[in-house]
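Next come the chains, spelled out residue by residue.
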Amino acid sequence: MKHKIVVSIGLVLLSALSQAQQVRPAPSGAIYHEIAQMRNLVNVLYVAAHPDDENTRLLAYLVNDQHIRTGYLSLTRGDGGQNLLGSEQGEALGLIRTHELIEARKLDGAAQFFTRAVDFGFSKTHEETFKHWPRNTLASDAAWVMRRFRPDVVICRFPPDTMAGHGQHAASAIIAEMAFRDSGDPKHNSYQQRYYPAWKPKRLLLNTYKFGSRNTTSEDQYKLQVGQYVPAMGMGVGELAGQSRSIHKSQGAGTPSVPGMQTEYFKLVAGDSFSTSIFDGIDITWNRVGRPDIGTDLQQVLQHFDFLHPDASIPALMAIRKKIAEVKDSYWRHLKLEEVDKTILHCAGVMAELYAKQPEAVRGEVLPFTLRVISRSATPVMLTQIRWGNADSSLSLQLSNDTLHSFEHNISIPANADLTQPYWLRYLSDNGALYVQPDDTSAGLPQTPNTLQATIRLVISGESFDMKVPLSYKKLDPVKGDIVEQLRIVPDATLEFRNSLLIAKADGSVHADVRIHAYKDISGVALNITSDISEGKSVFTAIISLKKGADTFIPIDIKATPGIRAQDHYLTPSLSLPDVGALHLVQYNHLPTLQYFSRPFAKVLQPSWKCTAKRIGFVEGAGDFAPNLLRLAGMDVDVLKESDFNDVANLKKYDAIITGIRAVNAEKRMSLWLPMLLQYAANGGTLIMQYNTLQDMATTDLGPYPMKLSAKRVTEEDAAVTLLNPAHRLLNYPNKISKDDFSAWVQERGLYFPISWDKQYEPLFSMNDEGEQALTGNTLYAKTGKGHYIYTTLSFSRQLPAGNKGAIRLLMNMLSVGK
């Protein structure tokens, strides 16, 4: 049934935490779980450092077998990790890993929270970690989550020492204990109590483990059997945990789904002791608020629950809803009313969606939307109101069982609507170690609350239920079927350089292309470009007109001046429009489309290197900036494909071939390709292999002679470097390499060093983190036949995008060694 309203109306900005783009009913098994969880008045918070650190088996057990409200607090969003899927690093990778966690939580049912910490990469001790992170700030963030979520039990994944295996892991335990102590003190972080009162958890536990050689378990610790089969899911919680953890695809964290029981170990860190249950001394029933009758009523609903007719439970749930409204404890009353309202709507089989046919909109734009509502319930459901901001549609429409109702509206996007972007990426603190938290209740949430919503009012058994329905974009994909995503709000135009790294010409002049994409027709727009060494003066200006939906490319030629010619510098473009930035879309099949903005700029390098190699072959790995850099430097770069390996003679045309990071992990055909690459080198070519990990290798025969990889690394980006043979050709031709070429590196020196190798290899550098033994396996050179082989684990994938000239000079020498 279609209902048309063609007036143009404004949309209200409403606060909400739910991010689902369609409001859909849960299946009967999930409804049964919701009712079972409604019986329990207890919360558990799990704390660790990164996405994929959490014990998904324990989370799945607590939520789906014990029906206990459980959350995971990850200190970071995983910004400093590696990316098996693509080239995204830093904040973009953190955004990917955030949404992988969100998708994982959709499977195991736990809640998700974060602090403002930026993951700066691997560290070996908590002392090193706290050189980057202000511990009191992060403890305050963790206390905020505890006050918000009100856990009775807090569980750490890691101990606060080197047994944690990672400095940030150990730091997470230290921060959890600080927050456990502080969250119950009303005088501590008193400003937080504008939103949430002080809350003291009952106990803090360590979930001990056996990881390789690290064993923190002991037989005198409390043991819990986990892995129970849940018939409503058709699997055990260990099997569900494998599915949940395998969502971390960017980390290559595919995990087996293991049926059967396994033992979890727990150790008391702080708070009240326990012996028979981690909930000892905690009343987790409705007796906690003096209403055991509500628990009895809920048990009756479970006993009589009809999986084929969940709507048959609505009358009993409506009666329970009235009782919950009488509960004096405001926290539990509010939380349980939210739970019962959600469950009643699920029992009623209500689905609602509000969508447009375009993926993005600008502020003030008017778009036609379709609202569709349906109820599948024998209990009558009335639609009495649709609130669209400053105009309401009142009606009295009974939603006949399984009958779809459609409404068409023109909606004006508010002029003050926020751009669609992660709230934590709007700003970065000066030291780069923290994101800037908003001063509102969105702090700590996994994503920005979607405030562009309409509200429909439904009446069931005489009681009103308000359902928020977000603005969405919907399309039919010929392969995937319906695609429903958040409607993205964009500025009037976006702006970026075609390349964010530029290499100046020999005379110091610079050519660049600026790309402007317009989302509306605009005339008389001023484009201005400044350099950080031009004393605020423009180095380029233009007045342009923009056409909606079109890309405009502006060629920029900046003549060399004595100041520009003498040093590297940054170019910054701007438009005479509000909120203009560089727009980034991240799109992978296991995630929704992700959008964020960054400040547009280009770093200009004055070349201080030579390279005698001209034509380069590249084997793709897990995302790498090397081909881009080499093309900017004037080389011809071909990404090799399967047909190139039909005959080794096809490779002879290349002066050098370089493999991308983790190529042996990401490209399964490397077991067939690598022998031909080694033959290419033996025939007189130069083969450069970047680092690989130990996980899921296509082959372990990486070079012309044996070597053995390890997980060893040097994480201190300023660690001292010793040149083991300063006279070696690789360190002298065509660029003289010195210790100065290792200055200003970012995040780390290198990772996954070979630990042993054949005597035919010559190590070139020695380096180590403070207080540790020197490592020499970071770059190995070997003569093979008529050619050259280099295996390097130096972090070129971090240094090249940052425009580190020392790393560029060293790479140019590797490429030139045979020329």
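Each chain carries its own residue numbering, running from 1 in the written order of its sequence. Selection of residues for local features in this predicted model requires a pLDDT of at least 70, selection of side-chain atom pairs for listing and counting requires 80 or more, and totals for whole chains, interfaces and linings are taken over all residues. Note that the side-chain values use all heavy atoms of the structure and ignore hydrogens as well as water.

(A) Spatial organisation of the environment of Glu762. Relative to the elements of secondary structure, Glu762 occurs in strand E42 (residues 762–763). Given the relative accessible area of 26%, Glu762 is considered partly exposed. Sequence-wise, Glu762 and Leu780 are 18 residues apart; in three dimensions their C-alpha atoms are separated by 5.4 Å. Two residues form a contact once any of their heavy atoms are found within 4.5 Å. Those residues in contact with Glu762, other than ones at most four positions away along the chain, are Asn725, His728, Thr779, Leu780 and Tyr781. Where helices and strands are cited, they refer to DSSP runs of H or I of at least four residues and of E of at least two residues respectively, numbered from the N terminus. Throughout, exposure labels follow a simple rule: accessible area from a 1.4 Å probe, protein chains only, divided by the maximum for the residue type, with under 20% read as buried, over 50% as exposed, and the rest as partly exposed.

(B) How the structure looks around the side chain of Ser797. Structurally, the position occupied by Ser797 is in helix H15 (residues 796–799). Classification of Ser797 by relative accessible area gives buried; the value is 5%. Excluding residues within four positions of it along the chain, Ser797 makes contact with Gln89, Ile661, Gln690 and Tyr691.

(C) The arrangement of the pairing of strand E4 (residues 111–114) in detail. Note that strand E3 (residues 69–74) and E4 share 4 bridges and pair parallel. Across the sheet, Leu73 pairs through a bridge with Phe113, a residue of E4. Note on handedness: a crossover is taken as right-handed if, strands pointing away from the viewer, the path from the first strand over the helix to the second is clockwise. As for the winding sense of the linkage, the β-α-β connection from E3 through helix H3 (residues 90–108) to E4 is right-handed. One requirement defines pairing of two strands: DSSP has to find at least two bridges between them.

(D) Layout of the sheet that holds strand E27 (residues 538–546). Taking strand neighbours across the sheet as the criterion, the 5 strands line up as E24-E32-E29-E26-E27 in an open arrangement whose pairing is mixed. Edge positions in the sheet fall to strand E24 (501–503) and E27, since each has one partner strand and no second. Pairs of neighbouring strands in the sheet enclose a mean axial angle of 25 degrees, with direction left out of account. With 7 bridges connecting them, strand E26 (residues 522–531) and E27 associate as antiparallel partners. Among the inter-strand pairings, Thr530 is bridged to a residue of E27, identified as Ser538. Between N-to-C directions, angles span 0 to 180 degrees; the directions come from axes that are lines fitted to C-alpha atoms, helices contributing only their stretch in contact.

(E) Representation of the sheet that holds E3 within the structure. As summarised here, the arrangement of the 7 strands in space is E4-E3-E2-E5-E6-E12-E9, forming an open sheet in which the pairing is mixed. Edge strands, defined here as strands with exactly one partner in the open sheet, are E4 and strand E9 (222–226). Geometrically, the sheet is characterised by an average inter-axis angle of 30 degrees between neighbouring strands, direction not taken into account. Here strand E2 (residues 43–48) pairs with E3 via 6 bridges, running parallel. When the bridges of E3 are listed, Ala48 appears paired with Ser74.

(F) Quick peek at helix H10 (residues 330–347). Under the convention used throughout, the expected extent of a helix is 1.5 Å for every residue step, that is, one less than its residue count. Here H10 contains 18 residues, and its C-alpha end-to-end distance of 25 Å stays within 8% of the 26 Å for a straight helix at 1.5 Å per residue. For this analysis, a polar contact is any N or O atom pair within 3.5 Å, provided that within protein one partner can donate a hydrogen and the other can accept it, and provided that sequence-adjacent residues contribute only side-chain to side-chain pairs. Among the residues of H10, the N-terminal cap falls to Asp329, whose side-chain oxygen and the backbone nitrogen of Tyr331 are separated by 3.1 Å. A positive backbone phi angle near 65 degrees is found at Gly349, which sits one or two residues after H10.

(G) Spotlight on the packing of helix H9 (residues 314–324) against H10. With their axes 10 Å apart at the nearest point, H9 and H10 run at an angle of 165 degrees to one another. Comparing their axes, H10 and H9 come out roughly antiparallel. The chirality of how H9 crosses H10 is left-handed. In this structure, H9 contributes Ile314, Leu317, Met318, Arg321 and Ile324 to the contact, and H10 contributes Arg333, Lys336, Leu337, Val340, Asp341, Thr343, Ile344 and Cys347. Charged means Asp, Glu, Lys or Arg here, nonpolar means Ala, Val, Leu, Ile, Met, Phe, Trp, Tyr, Cys or Pro, and polar covers whatever is left, Gly included. Of the residues contributing to the contact of H9 with H10, the split by class is 8 nonpolar, 1 polar and 4 charged. For classification purposes, an angle smaller than 35 degrees is called roughly parallel, one larger than 145 roughly antiparallel, one from 65 to 115 roughly perpendicular, and anything else oblique. Handedness of a crossing is defined here by the sense of rotation of the near helix relative to the far one, left-handed for an anticlockwise turn of less than a right angle and right-handed for a clockwise turn.

(H) Local environment of the nonpolar core. Working definition of a nonpolar core: buried Ala, Val, Leu, Ile, Met, Phe, Trp, Tyr and Cys residues. They are joined through side-chain atoms within 4.5 Å. Residues Leu354, Leu371, Ile456, Leu458 and Met467 are the most contacted members of the largest nonpolar core, which totals 64 residues. Top contributing element to this core by residue count: H10, with 7 residues. Apart from the residues within four sequence positions on either side, Leu354 is in contact with Phe369, Thr370, Leu371, Trp388, Ile411, Ala454, Val469, Pro470, Leu471 and Ser472.

(I) Quick peek at unusual backbone geometry. For the peptide bond that leads from Tyr733 to Pro734, omega is -10 degrees, which places it in the cis range. Relative to the elements of secondary structure, Pro734 occurs in the loop between strand E39 (721–723) and strand E40 (750–751). In this model, Ser461 sits at a positive phi of 55 degrees, which is unusual for a non-glycine residue. Looking at where Ser461 falls in the secondary structure, it is placed in the loop between strand E19 (453–460) and strand E20 (463–477). Residue class for Ser461 comes out partly exposed when judged on its relative accessible area of 47%. For Gln747, which is not glycine, the phi dihedral falls at a positive 70 degrees. With respect to the helices, strands and loops of the structure, Gln747 is situated in the loop between E39 and E40.

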